[in-house]
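Structural overview for review
As a plain string of letters, each chain reads:
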Amino acid sequence: MKLFEKFEALAATREHLLAMGPLPFGVVTERILSPTEGIVEGRRTILAGTNNYLGLTFDPACIEAGRQALTDEGTGTTGSRMANGTYAGHRALEEEIAAFYDRRHAIVFTTGFAASMGMVAALAGPDDVLLIDADSHASIYDGCRLSGAEIIRFRHNNPEDLAKRLRRLGERAARTLVVSEGLFSMLGDQAPLEEIVAVKDEYGAALLLDEAHSMGVFGERGRGLAEARGVEDGVDFVVGTFSKSLGSVGGFCVSKHPQLEIVRMASRAYIFTASPTPSIVASTRAALRLIRARPELRTRLWENARRLYAGLAECGFELGPEPGPVVAVFVDDPERAIRSWHRLLDAGVYVNLVIPPATPDNRALLRCSISAAHTPAQIDHIVEAFANLDAAAGAVAGTA
Ligand SMILES: Cc1ncc(COP(=O)(O)O)c(C=O)c1O
């Protein structure tokens, strides 16, 4: 079929890579044992690529809330809120997420992808400009395409480049939505938010911040990087996901702007998809309470993150620029990355294999994400598995 012709190059790459062994799409976790362990391809394996930052997926309160909602309200809503109406749980979750962020307005989406894509696509229109960090997540890029706005990229984490581009826009800067992430998901680097907020204020632009990987991770209350840097007032729209620190699935946008209620009627990713299921809503609400009630989870997460970063740095690996819950190990050559990824699996460690074009600068990564639920012994096991890689085969390029 002619339609498949465009996939030929991809299919050839896949064949070539599959000759080295299974790829992540084909690896099955046969049993999930805990937030940090599973049986993968028949072997007990430490899960070090889950984004389960606070380890809440097996929390008894979250499970019980989900179970109760499943019993009381059924398995699904079977439609969108526009068509089928809003359940009390949707409304309560929106009120609670708004209160958590100390913003007046919140919209809950069915996934995090829908939240960032749907907000970017709805906020900017054909007369507007989207000025986005070059390393933005796919959901932001897809939102840009759907918006019809002019799309301009600024250099990753570079406020000077952002300022230069806003200056060039002149009066159009006032119709510009700047988009950045808090913690970037691939390299684990943090946006220079103080500078970004100062620049967008100087030129009168608006800012949307995707805190998907920062919620629950940064800030005294766990609200994200904007809280930690003291610039929450300068962020017009925060979008995020329930699928990482909150251990469920879904997304949200919060804002101080009352017009968010109008955006609800303009965002196709919100209007034309089934609303989150009652059990997901209930588990998410329980997890949100835990972020507030258990700050020690955040402390433990950071202890684990620093332990892993220090251990891998000591082994001589080239890592992402700063310690944090995402620790990226650079590998120059995708084939080496795949071989190393298989060896890690053999050693009972699952990390994320990230190969171009999904990576910044087209370099391959072995991406680890850390959980508060990892034990120090598990972190040491991960470090040891990486260290043995290097010793056994020089498998990871970029090592000292
Ligand atoms: C920055 C960013 N935004 C949005 C998403 C999408 O979130 P979800 O997977 O919950 O749909 C992700 C997922 O990894 C992400 O990293």
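Definitions and limits used
- Residues numbered from 1 in each chain as written.
- Predicted model: local features only at pLDDT ≥ 70, side-chain atom pairs only at ≥ 80, totals over all residues.
- Heavy atoms only, no water.
- Domains from an automatic or database assignment.
- Contact = heavy atoms within 4.5 Å.
- Buried area = accessible area lost by both parts, 1.4 Å probe.
- Salt bridge = Lys/Arg side-chain N within 4 Å of Asp/Glu carboxyl O.
- Polar contact = N/O pair within 3.5 Å; in protein donor to acceptor, adjacent residues only side chain to side chain.
- Helix = DSSP H or I, 4+ residues; strand = E, 2+ residues; numbered from the N terminus.
- Nonpolar A, V, L, I, M, F, W, Y, C, P; charged D, E, K, R; others polar.
- 1 Å grid on protein atoms, 1.4 Å probe; cavity = no way out; pocket = protein on both sides within 12 Å on 5 of 7 lines; lining within 4 Å.
- Points joined across faces, edges and corners; volume = space filled by probe spheres on them.
- Near = heavy atom within 4 Å.
- Areas by Shrake-Rupley, 256 points an atom, 1.4 Å probe, with all protein chains shown as cover.
- Axes fitted to C-alpha atoms, helices over the stretch in contact; angles between N-to-C directions.
- Parallel < 35°, antiparallel > 145°, perpendicular 65-115°, else oblique.
- Expected span 1.5 Å × (residues − 1).
- Buried < 20%, exposed > 50% of the residue type's maximum accessible area, 1.4 Å probe, protein only.
- Pairing = 2+ DSSP bridges.
- Left-handed = near helix turned anticlockwise from the far one by under 90°.
- Patch = residues over 30% accessible without salt bridge, like charges linked within 9 Å, V, L, I, M, F, W, Y side chains within 5 Å.
- Arc of directions from axis to C-beta.

Describing the domain arrangement of the chain
Once the domains are mapped, the chain shows domain 1 (2-57 + 295-393) and domain 2 (77-276). Of note, the centres of domain 1 and domain 2, computed from C-alpha atoms alone, are 27 Å apart. Taken together, the contact between domain 1 and domain 2 spans 22 residues of the former and 19 residues of the latter. For the pair domain 1 and domain 2, the two sides together bury roughly 1700 Å², of which 60% comes from carbon and sulfur. The interface formed by domain 1 and domain 2 contains zero salt bridges. Between domain 1 and domain 2 we count seven residue pairs in polar contact (both at pLDDT 80 or more) in total. Within the residue set of the side of domain 1 that touches domain 2, elements represented by two or more residues are α13 (295-314), β11 (326-331) and β14 (364-369). Residue classes in the side of domain 1 that touches domain 2 are distributed as 15 nonpolar, four polar and three charged.

A few points about empty space enclosed by the protein
Where empty space is left can be seen by rolling a probe of water-molecule size over the atoms. Using the criterion set out here, one finds one cavity of 30 Å³ or more in the structure. Approximately 40 Å³ is the volume found for the largest cavity. For the largest cavity, the full set of lining residues is Ser-80, Arg-81, Val-108, Phe-109, Thr-110, Tyr-270, Thr-273, Ser-275 and Pro-276. Each residue belonging to the lining of the largest cavity can be placed in one class, and the counts come to four nonpolar, four polar and one charged.

Regarding the site of the ligand
Around the ligand, 14 residues are found, and the nearest of them are Phe-113, Asp-210, His-213, Thr-241 and Ser-243. At 3.1 Å, a backbone N or O of Gly-112 approaches an oxygen atom of the ligand. At 2.9 Å from an oxygen atom of the ligand is found a side-chain nitrogen or oxygen belonging to Lys-244. Within the complex, 83% of the 390 Å² of free accessible area of the ligand lies under protein. Top contributing element to the shell around the ligand by residue count: helix α5 (residues 112-123), with three residues. Residue composition of the shell around the ligand, grouped by class: two nonpolar, nine polar and three charged.

Remarks on the environment of Tyr-309
Mapped onto the elements, Tyr-309 comes out in helix α13. In contact with Tyr-309, other than residues within four places in its own chain, are Leu-319, Gly-320, Pro-321, Glu-322, Pro-323 and Val-327.

Some remarks on the packing of helix α12 (residues 278-293) against α13
The interhelical angle for the contact between α12 and α13, taken along N-to-C directions, is 75°, at an axis separation of 5 Å. Taken as axis vectors, α12 and α13 run roughly perpendicular relative to one another. Contacts between α12 and α13 involve Ile-291, Arg-292 and Ala-293 from the first element and Pro-295, Glu-296 and Arg-298 from the second. For the contact of α12 with α13, the class distribution of residues is three nonpolar, no polar and three charged.

Topic: helix α14 (residues 334-346)
Taking 1.5 Å of rise per residue, 13 residues should cover 18 Å, and α14 covers 18 Å from first to last C-alpha, within 8% of that figure. Along α14, the residues classified as buried are Ala-337, Ile-338, Ser-340, Trp-341, His-342, Leu-344 and Leu-345. At the C-terminal side of α14, Gly-348 shows a positive phi close to 80°.

Quick word on the sheet that holds strand β5 (residues 129-133)
Within the open sheet, the seven strands sit side by side as β4-β10-β9-β8-β7-β5-β6. Their pairing is mixed. On the outer flanks of this sheet lie β4 (105-109) and β6 (150-154), each paired with one strand and no other. The sheet shows a mean angle of 20° between the axes of neighbouring strands, direction not considered. Here β5 pairs with strand β7 (residues 176-181) via four bridges, running parallel.

Comments concerning the packing of helix α2 (residues 60-73) against α12
At a closest axis distance of 7 Å, the pairing of α2 and α12 adopts a crossing angle of 150°. The angle between the axes of α2 and α12 places the two elements in the roughly antiparallel class. Handedness of the crossing formed by α2 with α12: right-handed. Contacts from Ala-61, Cys-62, Ala-65, Gly-66, Ala-69, Leu-70 and Glu-73 of α2 reach α12 at Pro-278, Ser-279, Ala-282, Ser-283, Ala-286, Ala-287 and Leu-290. Tallied by class, the residues present in the contact of α2 with α12 amount to ten nonpolar, three polar and one charged.

Let's talk about the side chain of Asn-304
Topologically, Asn-304 is positioned in helix α13. A distance of 2.9 Å separates the side chain of Asn-304 from the backbone oxygen of Ser-371, its partner in a polar contact. Leaving out residues up to four positions away in the same chain, Asn-304 has contacts with Ile-370, Ser-371, Ala-372, His-374 and Ile-379.

Here we look at a nonpolar patch on the surface
A cluster of nonpolar residues, Met-1, Leu-3, Phe-4, Phe-7 and Leu-10, forms a patch on the protein surface that exposes about 590 Å² of accessible area. One can find Leu-3 in the segment before α1 (8-18). Overall, the relative accessible area of 54% leaves Leu-3 in the exposed class.

Side note on the environment of Ala-134
In this structure, Ala-134 sits in the loop between β5 and α6 (138-147). Sequence separation between Ala-134 and Gly-26 is 108 residues; the distance between their C-alpha atoms is 30 Å. Apart from the residues within four sequence positions on either side, Ala-134 is in contact with Tyr-141, Arg-153, Phe-154 and His-156.

Topic: α6
Residues that lie three or four places apart on an α-helix share one face, since the helix turns once every 3.6 residues. Taken together, the buried positions of α6 are occupied by Ser-139, Ile-140, Gly-143, Cys-144 and Ser-147. Down the axis of α6, the sector holding all buried residues measures 145°, keeping them to one side. In α6, the exposed positions angled more than 90 degrees off the buried face are occupied by Arg-145 and Leu-146. Residues of α6 that are buried sit in contact with α5, β5, β6, β7 and β8 (206-210). Phi for Gly-148, located one or two positions after α6, is positive at around 85°.

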